[in-house]
Number of protein chains: 2
Amino acid sequence: MVSENQLRKYAKLAVKMGVNVQKGQLLVISADVRDHEFVALCVEEAYKAGAGQVYVNWSSEHDALCNYQYMTKEALSDIPQWKYDQRKYAQDKGGCFLNVMSSTPGLLKGIDSEKIMAAQLAASKMFMPLQSYTMNNEGQWSIVALPSSGWAKKVFPDLSEEEGIAKLWEAILMSVRVSEDNDPIAEWEHHNEQVLHYSKVLNEQNFKALHFKNKLGTDLTVELVKNHVWAGGCEKAGNGAIFNPNMPTEENFCMPAKYGTNGRVVATKPLSYQGTLIDGFVLEFKDGKVVNYHAEKEMQALKNLVEFDEGSSYLGEVALISYDSPINNTGILFYNTLFDENASCHLALGRAYPMNVKGGTEMTEEQLKEAGANFSMTHVDFMFGSSDMHVEGIKEDGSTVTVFEAGNFVI
Amino acid sequence: MVSENQLRKYAKLAVKMGVNVQKGQLLVISADVRDHEFVALCVEEAYKAGAGQVYVNWSSEHDALCNYQYMTKEALSDIPQWKYDQRKYAQDKGGCFLNVMSSTPGLLKGIDSEKIMAAQLAASKMFMPLQSYTMNNEGQWSIVALPSSGWAKKVFPDLSEEEGIAKLWEAILMSVRVSEDNDPIAEWEHHNEQVLHYSKVLNEQNFKALHFKNKLGTDLTVELVKNHVWAGGCEKAGNGAIFNPNMPTEENFCMPAKYGTNGRVVATKPLSYQGTLIDGFVLEFKDGKVVNYHAEKEMQALKNLVEFDEGSSYLGEVALISYDSPINNTGILFYNTLFDENASCHLALGRAYPMNVKGGTEMTEEQLKEAGANFSMTHVDFMFGSSDMHVEGIKEDGSTVTVFEAGNFVI
């Protein structure tokens with residue numbers, strides 16, 4: 001099992017390397033109540049690191065599930081104004097946001113999909129004006145994960161609860177580079193250098209498009225926006241603080257041109273969305289838009305995703321990760337995007353990150369749209385990497401460079 | 001240890017007999033994150049009882065203590081507007097409020113008393129306009145208790161944590177009338193009839209004043225307001241729902257005339273206030289006002305209480321409880337007002353309950369003041385009952401009736 005020493009190291013890593021809370025800054029931690037012991041360590045480490053105030057925004061999966069079971073669709077969609085004001089208050093204060101995540105995959109299985117859609121649409125509409133704070137890296141933000149019994153049960157259905165949680169802890173701590181006797185912060189600094197290396201190479205190539213092909217049936221061309229910027233690993237917030245939005249992270253990601261994706265993509269991992277697990281799904285794109293789609297499991301949830309709003313049927317992100325990555329090499333299917341997306345090439349339906357185009361974080365919405373950025377109230381990654389993935393980079397003059405061979409970076 | 005069956009019975013009791021949540025009504029539960037398993041049962045039982053929505057307002061003693069340790073006085077006093085709006089939203093919706101309490105007595109021992117005072121004054125000022133909702137019984141509210149390791153350690157310093165918690169569970173479940181095979185709701189209905197009996201008798205006597213005297217040095221006359229109403233046990237909310245504000249409850253309480261208390265009172269149990277334990281204290285009253293006071297322990301906290309605002313140096317409640325009461329007979333000093341006040345005659349400094357004067361819940365603040373009601377941002381009970389307490393009721397014509405002899409009701 002995880003030791004007190006490892007737990008505290010992980011908390012310190014989340015606070016210093018994840019959000020990198022600054023002297024006097026407000027830190028908001030979002031967490032499930034079941035994780036209060038780990039959060040207590042994060043609160044202590046944040047104050048030791050100089051935080052001016054730490055506020056924890058608690059939630060409970062148990063209560064959320066009860067709400068979906070018992071509340072009406074109307075009541076679920078009626079989100080009080082103070083919830084918006086609460087978030088806005090923290091953003092106006094220049095706060096940073098740490099999300100401690102331990103979600104049960106498929107928690108809402110069996111819940112009326114109309115209820116879920118209505119509630120999530122209402123929340124997205126309300127919080128839309130506040131999205132740019134994190135999408136634009138105005139303030140620091142980070143997501144870290146903890147095991148939960150529901151998550152462990154899904155990942156290791158044949159193990160006892162205790163064994164499953166222990167295995168999940170092991171995988172999480174490996175992937176975030178925490179062990180009994182290392183210095184995880186130093187390891188992250190080294191790791192970030194490696195991720196930045198690929199971004200640099202890809203930026204130098206300045207491809208017009210990427211072409212993905214494998215034997216499962218993926219045959220997809222993704223045009224990139226002009227003046228695109230490959231990013232990955234750590235990022236820089238408006239206040240100058242360097243932070244790591246995702247822990248773990250292995251990806252290099254870029255901005256697709258909204259109307260420039262064509263072909264077919266076959267997902268290779270299930271997608272945890274709106275409390276369900278969409279599985280065995282295929283999307284077809286024409287001029288950027290999803291024109292056809294099918295899922296073997298949870299087709300209705302996939303429909304909700306694609307039809308969420310105008311922008312959710314267009315891409316907002318394309319990301320490259322070697323198949324032979326540390327997380328994928330665990331052989332574990334996590335049923336959790338934070339892990340599965342860092343084990344596989346992926347795309348995101350929905351809103352693009354402004355940082356993926358030169359000067360993007362300074363642009364207005366109109367300027368970003370002109371640059372080719374997609375807008376949406378949502379941003380959902382899905383995985384399509386495979387051991388035989390071949391990726392060609394296509395240059396402006398039509399010449400090509402092989403980026404991936406047999407699933408891995410070769411550039 | 002407590003069984004799953006007892007826990008669920010207790011949760012059901014809190015929801016149905018405590019707040020008595022109505023069909024379609026909003027229930028707000030306030031609780032520490034460490035108590036999430038019990039709260040989960042409350043949420044389920046509330047929905048089963050027909051609640052329209054259950055919202056849990058989580059807090060954490062651990063984080064609160066960190067905040068006091070690390071935040072500045074200014075930051076602690078700067079309470080965001082959304083916290084007021086959050087509470088107001090629930091009151092405007094006609095919600096009911098369940099407080100699940102497991103506080104560690106003396107949690108804030110050693111924290112700068114100025115910080116505590118500033119933070120609590122700021123909170124009291126902000127929430128003052130919302131106080132009347134519960135003080136006036138506009139909506140239902142209830143407080144129930146759970147053991148915590150910090151509380152158990154204080155009450156049973158010589159026991160192991162596990163044994164202490166088990167003993168505290170035993171005492172709590174006894175006092176709220178939950179056992180393995182009884183029907184606690186039926187027992188509460190019966191108990192409430194007994195409490196109402198004393199209120200009826202005291203109302204019929206219509207005393208002008210009460211005179212308290214014991215060998216410890218208490219010698220106090222408390223004048224009651226004209227048209228006073230003795231209350232106790234269950235109460236009726238604005239929507240007609242019958243609820244029990246305190247679980248347990250053994251008290252009959254009434255409204256002192258603001259300027260009519262004279263003499264000296266010696267406290268007989270320590271008082272948990274602002275995270276400290278005030279002990280060995282004496283108050284002297286002249287024409288209603290505390291004119292002299294002393295505490296052997298935590299004198300500064302007692303000063304903070306008496307000088308909190310104008311009204312905190314006058315009484316807002318006088319309550320009668322037999323020394324030979326079920327809670328007192330446990331022989332346990334709980335260091336917690338919910339229990340200790342129901343084991344002992346007590347007084348409260350601060351705001352009076354409008355229901356303790358005829359027509360009071362319909363009166364304006366001015367009318368209540370004219371009737372003799374005290375106003376304050378605070379309301380803090382302290383205990384002074386003893387095994388030799390003698391209480392005489394003094395009638396308008398000067399005649400007297402013995403109410404307590406040797407600590408117990410004899411009327």
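Look above for the structure.
Our subject in this report is the structure included herewith. (Residues numbered from 1 in each chain as written. Chains lettered and ligands numbered in written order. Predicted model: local features only at pLDDT ≥ 70, side-chain atom pairs only at ≥ 80, totals over all residues. Heavy atoms only, no water.)

1. Structural notes on the overall build of chain A
For the record, the criterion: Put simply, DSSP marks the helices as runs of H or I at least four residues long and the strands as runs of E at least two long, and each gets a number from the N terminus on. What the globule rule says is 2.2 Å times the number of residues to the power 0.38, and the radius of gyration is computed from C-alpha atoms. Between buried and exposed lies partly exposed: a residue is buried under 20% and exposed over 50% of the maximum accessible area for its type, with that area taken using a 1.4 Å probe on protein chains only.
When you go through chain A residue by residue, the secondary structure sums to 13 helices and 19 strands. A globule of 411 residues ought to have a C-alpha radius of gyration of about 22 Å, and chain A, at 20 Å, matches this closely. Dimensions along the principal axes, computed over C-alpha positions, put chain A at roughly 55 × 50 × 50 Å. Looking at the 411 residues of chain A, the share that counts as buried comes to 59%.

2. Comments concerning the sheet that holds strand E9 (residues 252-254) of chain A
Residues and elements named next belong to chain A. Cut-off, in case you're wondering: Paired strands, as defined in this entry, are two strands with at least two bridges between them according to DSSP. A fitted line through C-alpha atoms represents every axis, and for helices the fit uses only the stretch in contact; the resulting angles, taken between N-to-C directions, go from 0 to 180 degrees.
Spatial ordering of the open sheet is given by E9-E14-E15-E16, a layout of 4 strands whose pairing is antiparallel. With partners counted over all chains shown, the strands left at the sheet margins are E9 and strand E16 (379-383), one partner each. Averaged over all pairs of adjacent strands, the angle between their axes in this sheet comes to 25°, without regard to strand direction. Note: strand E14 (residues 315-320) against strand E15 (residues 346-350), 4 bridges, orientation antiparallel. From the neighbouring strand, Ala319 faces E15, where its bridge partner is His346.

3. A few points about the packing of aromatic side chains
Where we set the bar: The criterion for an aromatic pair is that two Phe, Tyr or Trp rings (for Trp, the six-membered ring) have centres within 6.5 Å, with stacked assigned to planes under 30 degrees apart, edge-to-face to planes over 60 apart and tilted to the rest. Either the NZ atom of lysine or the CZ atom of arginine qualifies as a charge over a ring when it sits within 6 Å of the ring centre and within 35 degrees of the ring normal.
Scanning all chains against the criterion turns up 29 aromatic pairs over all chains. An angle of 5° between the planes, with centres 4.8 Å apart, marks the rings of Tyr47(A) and Tyr70(B) as stacked. Highlighted residues: Tyr47(A) in helix H2 (residues 36-48) and Tyr70(B) in helix H3 (residues 61-70), drawn from two different chains. We classify Tyr70(B) as partly exposed; its relative accessible area is 38%. Ring centres 4.8 Å apart and planes at 25° place the aromatic pair Phe334(B) and Phe339(B) in the stacked group. On the basis of relative accessibility, which here comes to 0%, the residue Phe339(B) falls in the buried class. One aromatic cluster is present, built from ring pairs that chain together Tyr55(A), Trp82(A), Tyr55(B) and Trp82(B). The lysine or arginine in question, Lys154(A), covers the ring of Tyr335(A), its NZ or CZ lying 5.1 Å from the ring centre.

4. Some words on the sheet that holds strand E15 (residues 346-350) of chain B
All names here are of chain B. Taken in spatial order, the 4 strands of this open sheet run E9-E14-E15-E16, and their pairing is antiparallel. Of all strands in the sheet, those with a lone pairing partner are strand E9 (252-254) and strand E16 (379-383), marking the two edges. For this sheet the average axis-to-axis angle between neighbouring strands, irrespective of direction, equals 25°. Pairing between E9 and strand E14 (residues 315-320): 3 bridges, direction antiparallel.

5. Topic: the pairing of strand E18 (residues 400-405) of chain A
Moving residue by residue along a regular strand, the side chains alternate between the two faces of the sheet. Residue and element names in this part refer to chain A. Taken together, the 4 bridges between strand E17 (residues 390-394) and E18 define a ladder with antiparallel strand orientation. Opposite Gly393, over in E18, you have Val401 as the bridge partner. Alignment of E18 against strand E19 (residues 408-409), held across 2 bridges, turns out to be antiparallel. Counterpart to Glu405 in the pairing with E19 is Asn408. The turn linking E18 back onto E19 is made up of 2 residues, and Ala406 within it adopts a positive phi angle of 50°.

6. Points about the side chain of Thr218(B)
All names here are of chain B. So the rule is basically this: The term polar contact refers here to a pair of N or O atoms within 3.5 Å; inside protein, the definition further demands a hydrogen-donor-capable atom paired with an acceptor-capable atom, and it admits residues adjacent in sequence only when both atoms are side-chain atoms. Any pair of residues with heavy atoms lying within 4.5 Å of one another is described as a contacting pair.
Mapped onto the fold, Thr218 is located in the loop between strand E5 (209-213) and strand E6 (219-224). Look at Thr218 and you get buried, because its relative accessible area is 0%. Of the polar contacts made by the side chain of Thr218, one reaches the backbone nitrogen of Val266; its length is 2.9 Å. Beyond its immediate sequence surroundings of up to four residues, Thr218 is in contact with Phe212, Lys213, Arg264, Val265, Val266, Phe384 and Met389.

7. Some remarks on the pattern of salt bridges
The following threshold applies: A pairing counts as a salt bridge when a side-chain nitrogen of Lys or Arg comes within 4 Å of a carboxyl oxygen of Asp or Glu.
Counted by the stated rule, this structure contains 30 salt bridges over all chains. Measuring nitrogen to oxygen at the nearest pair gives 3.0 Å for the salt bridge that ties Lys258(A) to Glu310(A). Here Glu310(A) lies in the loop between helix H11 (299-306) and E14 and Lys258(A) lies in strand E10 (residues 256-266), a separation of 52 residues in the sequence. Note on Glu310(A): relative accessible area 48%, which makes it partly exposed. Two residues, Glu44(B) and Arg8(B), come together in a salt bridge whose shortest N-O distance is 2.8 Å. Taken together, the residues span a long stretch of sequence, with Glu44(B) in helix H2 (residues 36-48) and Arg8(B) in helix H1 (residues 4-18) at a distance of 36 residues. The exposure class assigned to Arg8(B) is partly exposed, which follows from its relative accessible area of 24%.

8. Some points on the environment of Thr104(A)
All names here are of chain A. Relative to the assigned elements, Thr104 resides in the loop between strand E3 (96-101) and helix H6 (113-127). Separated by 171 residues in sequence, Thr104 and Gly275 have C-alpha atoms that sit 8.0 Å apart. With residues up to four places along the chain from it excluded, the contact list for Thr104 reads Arg34, Glu61, Ser148, Gly150 and Trp151.

9. Let's talk about the interface of chain A and chain B
Keep this limit in mind: Two parts placed together each lose some accessible area under a 1.4 Å probe, and the buried area is that loss summed for both. The classification used treats Ala, Val, Leu, Ile, Met, Phe, Trp, Tyr, Cys and Pro as nonpolar, Asp, Glu, Lys and Arg as charged, and all other residues, Gly among them, as polar.
The partner chain B presents 30 residues to the 30 residues of chain A that form the contact. At the boundary of chain A with chain B, total buried surface from both sides reaches about 2,600 Å², with 66% on carbon and sulfur atoms. Sorting the residues of chain A by area buried against chain B places Tyr47(A), Tyr70(A) and Trp82(A) first, and these three jointly supply 24% of that buried surface. There are 2 salt bridges connecting chain A and chain B. Note that Lys93(A) is salt-bridged to Asp78(B), the shortest N-O span being 3.4 Å. Applying the counting criterion to the chain A and chain B interface returns 6 residue pairs in polar contact (both at pLDDT 80 or more). Listing elements by their share of the side of chain A that touches chain B, those giving two or more residues are H2, strand E2 (53-59), helix H3 (61-70) and helix H5 (81-92) of chain A. Residues belonging to the side of chain A that touches chain B are distributed by class as follows: 14 nonpolar, 8 polar and 8 charged.

On their own, these measurements won't tell you what the molecule is for.
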